[in-house]
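# Per-entry structural report
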Amino acid sequence: MQRHLISAADLTRDDAVLILDTAEEMARVADRPIKKLPTLRGRTVVNLFFEDSTRTRISFEAAEKRLSADVINFTAKGSSVSKGESLKDTAQTLEAMGVDAVVIRHGASGAPYRLANSGWIDAAVINAGDGTHQHPTQALLDAFTMRRRLVGRDTGLGKDLSGRRITIVGDVLHSRVARSNVDLLHTLGAEVTLVAPPTLVPVGVETWPCEVSYDLDSTLPKSDAVMMLRVQRERMNAAFFPTEREYSRRYGLDGERMAKMPEHAIVMHPGPMVRGMEITAEVADSDRCTVVEQVANGVSIRMAVLYLLLGGNEPAVPNARTNEEK
Amino acid sequence: MSKILIRGAKVLGGEPQDVLIDGEVIAEVGTGLSADGAQVVEATGKVLLPGLVDLHTHLREPGREDSETVLTGTRAAASGGYTAVFAMANTFPVADTAGVVEQVYRLGQEHGYCDVQPIGAVTVGLEGKKLAELGAMHESAAGVTVFSDDGKCVDDAVIMRRALEYVKAFGGVVAQHAQEPRLTEGAQMNEGVVSAELGLGGWPAVAEESIIARDVLLAEHVGSRVHICHLSTAGSVEIVRWAKSRGIAVTAEVTPHHLLLTDELVRTYNPVYKVNPPLRTERDVHALRTALADGTIDIVATDHAPHPHEDKDCEWAAAAMGMVGLETALSVVQETMVDTGLLDWAGVADRMSVKPAQIGQATGHGRPVSAGEPANLTLVDTEYRGQVDPAGFASRSRNTPYEGRRLPGRVTHTWLRGKATLVDGKLT
């Protein structure tokens, strides 16, 4: 494993599978009466959020606390881009406090990379989403969810997603989730298709390890999982598409479209969902929709990443493993 | 002023010759000239060029003296072999009045490291709305002939048309920063494969090309001269080539960094590579080199853009755009154009001294190395190879993309009207 987790593209297949397998171990902790491990006792982790994201921050915080880390939450919203020096100064303050890991969310693409590679700080850096660049733990939790649903919770251990066909739909241009997922799913052997109006596909996408389609209906029957991305309403004013209704007609997922998917196929969404525009309530509330599982899996994945990055050469869940060995 | 004999220099890269400076002018050029009463500079193996002229420099004074001043900037220029620089108008206050341009001009004359020719703003405050007092700036002591809102594009077609027409009265030229503003909102780097991966806002080539296309057509329509600043894409080259073939009075410049570096470097997220226009692709670099060699691109201009450390030691999106370039320009041109066989030293003299002086009407610069001409000269050790060390820069700022990089060539001497400003690589 590397020292930092900045991009899903940095993970080898074996690294990724190790994280997914470790997350399965971590998930068992959630089934215990006391959902806590002593693994990171005495280590300090800072959640450094320059951009609002309650869901991601709470998910990391839960993961850190379940591993017994000391947690500091630092919200620095609004002070990032307008005052460029704040990232470096903040980093050095944290360094002086002896922080072991920094979980960073930042509005500027590349900010976690700079934090990890500029010599400002020695702590491990975990990217919790940077601009329109990457959100690697989101991709890992998505892959974890797919492996559980499509390969199996126990039968999936040690396996990747070879041959699975994943469709990602919506605002690819502005989506760090799409970028991270394309990288990781490709590494894990899946075939990815991006579906979006041409205005929401980045120039240069042709070098990505995936297919691109503008037609959702023809893609659905060949999909094992369909991941809907959030579309921000303000995109409409910037002429990325004519109207919300037209977007919804062409790229929204409703019951009728979902029926075109294979029986076993699942519907995913990184949340928060805009019901009615990108996904109808009927789909969002169906058994095939994994949104709630994704949230739970996020905690397991983040536990696994923290554990492995902070030098996890002991078994992650000693009791669990020794029990199995016995 | 005493006599100086430059002995055995390859004038414009040709056969070794002696050049005798007497006072402010070149007295004699020949072989076996007498050293009688002259200070001798042994120049065997070195190349002698007319003093370089930079049509695109940011000196930052007035207003941002923490980045650069006229003094530090002209010392950097002398270190790089320049005897004249054109100072861009985007200072604080903006150089949009006779008062500001005269101040900048006067500081250049006082310091004496190189001639500073101020560029006047096209519009008041660079706001693109109202023409600045172009005539007053021209008639001032600074004698402004080049006008530019550089840093911003004169994007209003009517304002651009009027500016082009207006400066005809006194033979001026409008230098355009070609950047369609709506197409580059939120732009952070070249739009393409790398921006798609990095998730940085794209600056598409077409944003530059569409403005160049419009402006050459406007220049043709009103019969005026237009100069394109820091041209950076293969498509722009095609448009300028077409315009020239049609007889349109367009000239264009390329920066050293666009001749050498590509957007692949942005993968480091190191803001030292953040510049406007952005670093483009390998294909663009190749097209720019070819166009400079065949004359489609007329000149090399540095776009020397000093910024203090704190404006670059931060995350990419927050960083200032620009690189320093005066002290490394000739080395980069040697590496990309001379050592590749695309251009000989006479060609370098043409692209870095003769033509920029002509475009900016800097009479007295860019002249032949021959008797009776002003002794504005640069001596280059072309065999030198060494790593770039910004700690030795005369510029107040250190934002160079070449730190630690091996580049060929080193300017050893610079003379401004017979007065040495650089001797053995050291400023006087």
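Residues numbered from 1 in each chain as written. Chains lettered and ligands numbered in written order. Predicted model: local features only at pLDDT ≥ 70, side-chain atom pairs only at ≥ 80, totals over all residues. Heavy atoms only, no water.

Below, the discussion takes up the overall build of chain A. If you tally the helices and strands in chain A, you get 13 helices and nine strands. A compact globule built from 326 residues would reach a C-alpha radius of gyration of about 20 Å, and chain A, at 20 Å, matches this within 12%. In terms of overall dimensions, chain A has C-alpha extents of about 55 × 55 × 35 Å along its principal axes. Of all 326 residues assigned to chain A, the portion counted as buried reaches 58%. Long-range pairs, those at least 24 residues apart, make up 76% of the contacts in chain A with a sequence separation of at least 6. Total accessible area on chain A stands at roughly 13200 Å², and carbon and sulfur atoms take up 48% of it. For chain A, the separation between the mean place of its 40 positive charges and that of its 43 negative charges on side chains is 3 Å. (Helix = DSSP H or I, 4+ residues; strand = E, 2+ residues; numbered from the N terminus. Rg over C-alpha atoms; globule rule 2.2 N^0.38 Å. Buried < 20%, exposed > 50% of the residue type's maximum accessible area, 1.4 Å probe, protein only. Contact = heavy atoms within 4.5 Å. Areas by Shrake-Rupley, 256 points an atom, 1.4 Å probe, with all protein chains shown as cover. Lys, Arg positive; Asp, Glu negative; His and termini not counted. Charge placed at Lys NZ, Arg CZ, Asp CG, Glu CD.)

Moving on, we come to the UniProt feature "binding site: Zn(2+) 1" (unreviewed entry) in chain B. Residues and elements named next belong to chain B. The sites that UniProt annotates as "binding site: Zn(2+) 1" (unreviewed entry) are H56, H58, D150 and D303. Their sequence span is 248 residues, while the largest C-alpha to C-alpha distance among them is just 9.8 Å; these annotated residues converge on one region. Looking at where H56 falls in the secondary structure, it is placed in strand β6 (residues 52–57). Those residues in contact with H56 that lie beyond four places of it in its chain are F86, M88, D150, C229, H230, E253, A301, T302, D303 and H304. A polar atom in the side chain of H56 sits 3.4 Å from the side chain of H58. Structurally, H58 can be placed in the loop between β6 and α1 (70–79). H58 gets classed as buried once you look at its relative accessible area, which sits at 4%. Of the polar contacts made by the side chain of H58, one reaches the side chain of D150; its length is 3.1 Å. (UniProt positions renumbered as here; feature names shortened; annotations may be inferred. Polar contact = N/O pair within 3.5 Å; in protein donor to acceptor, adjacent residues only side chain to side chain.)

On to the sheet that holds strand β8 (residues 115–118) of chain B. Backbone-to-backbone hydrogen bonds pair the strands of a sheet. The strands run either parallel or antiparallel. All names here are of chain B. The three strands are arranged β6-β7-β8 in an open sheet whose pairing can be described as parallel. Each of the sheet's edge strands pairs with one partner strand only, and the pair in question is β6 and β8. When strand polarity is set aside, the average angle formed by the axes of neighbouring strands in this sheet is 20 degrees. Taken strand by strand, helix α11 (residues 345–360) contacts β6 and β7 (82–87), and its axis lies near 55 degrees from that of β6. (Pairing = 2+ DSSP bridges. Axes fitted to C-alpha atoms, helices over the stretch in contact; angles between N-to-C directions.)

What follows deals with the pairing of strand β10 (residues 173–176) of chain B. Residue and element names in this part refer to chain B. Burial along β10 is two-sided: the face carrying V173 and A175 and the face carrying V174 and Q176 are both buried. The pairing of strand β9 (residues 146–147) with β10 spans two bridges and is parallel. Directly across from V146, in β10, lies its bridge partner V173. In terms of handedness, the path from β9 via helix α4 (residues 157–166) over to β10 forms a crossover that is right-handed. For β10 and strand β13 (residues 226–228), the ladder comprises three bridges, and the chain directions are parallel. (Right-handed = clockwise from strand over helix to strand, strands pointing away.)

A packed helix pair is summarised by two numbers, namely the angle formed by the two axes and the spacing between the axes. Residues and elements named next belong to chain A. Running from amino to carboxyl end, helix α1 (residues 13–29) crosses helix α5 (residues 136–151) at an angle of 75 degrees, the nearest separation of the two axes being 10 Å. Accordingly, the angle class assigned to the pair α1 and α5 is roughly perpendicular. Counted together, V17, I19, L20, D21, A23, E24 and A27 of α1 and L140, A143, F144, R147 and R148 of α5 form the full contact between these two elements. (Parallel < 35°, antiparallel > 145°, perpendicular 65-115°, else oblique.)

Looking now at the sheet that holds strand β1 (residues 44–49) of chain A. Residues and elements named next belong to chain A. As summarised here, the arrangement of the four strands in space is β2-β1-β3-β4, forming an open sheet in which the pairing is parallel. The open sheet terminates on both sides in strands that have one partner only, identified here as β2 (70–75) and β4 (124–130). Averaged over all neighbouring strand pairs, the angle between strand axes comes to 15 degrees, with direction disregarded. Of the strand pairs in this sheet, β1 and strand β3 (residues 101–106) are connected by five bridges, and their pairing is parallel. Paired with N47 across the two strands is V103, which belongs to β3.

One frequently used descriptor of interface size is the decrease in accessible area upon assembly of the parts. All names here are of chain A. In terms of domains, chain A is made up of domain 1 (4–134 + 295–311) and domain 2 (136–290). Domain 1 and domain 2 are separated by 25 Å when their C-alpha centres are compared. Between domain 1 and domain 2, the residue contacts involve 35 residues of the former and 28 residues of the latter. Buried surface at the junction of domain 1 and domain 2, both sides included, amounts to about 2600 Å², of which 58% is carbon and sulfur. Summed over the shared surface of domain 1 and domain 2, the number is six salt bridges. One salt bridge connects E24 with R148, and the closest N-O pair in it is separated by 2.8 Å. (Domains from an automatic or database assignment. Buried area = accessible area lost by both parts, 1.4 Å probe. Salt bridge = Lys/Arg side-chain N within 4 Å of Asp/Glu carboxyl O.)

Let us now look at α11(B). Residue and element names in this part refer to chain B. Between the first and last C-alpha of α11 there are 22 Å, a value that for 16 residues agrees with the 22 Å anticipated at 1.5 Å per step. If you look at α11, its biggest bend is around 35 degrees, right at R351. Those residues of α11 that fall on the buried side of the exposure criterion are W345, G347, V348, A349, D350, R351, M352, S353, P356, A357, I359 and G360. The positive-phi residue at the C-terminal boundary of α11 is Q361, with phi of around 55 degrees. (Expected span 1.5 Å × (residues − 1). Bend = angle between axes of the 7 residues up to and from the residue.)

Should the pLDDT be low somewhere, the predicted coordinates at that spot are not to be read in detail. When pLDDT is averaged along chain A, the result is 90, and 92% of the positions lie at 70 or above. Every residue in residues 320–326 of chain A scores below 50 in pLDDT, and together they form four contacts with partners more than four places removed in sequence or on other chains. (pLDDT = per-residue confidence, 0-100.)

Turning to the domain arrangement of chain B, a few remarks are in order. Residues and elements named next belong to chain B. According to the domain assignment, chain B consists of domain 1 (3–47 + 373–393 + 402–427) and domain 2 (50–360). Between domain 1 and domain 2, the residue contacts involve 27 residues of the former and 31 residues of the latter. Where domain 1 abuts domain 2, roughly 2300 Å² becomes buried across the two surfaces, and 62% of that area is made up of carbon and sulfur atoms. Joining domain 1 to domain 2, the criterion identifies two salt bridges. Residue D339 is joined to R385 by a salt bridge in which the shortest nitrogen-to-oxygen separation is 3.7 Å. Linking domain 1 with domain 2 are eight residue pairs in polar contact (both at pLDDT 80 or more), by the criterion used here.

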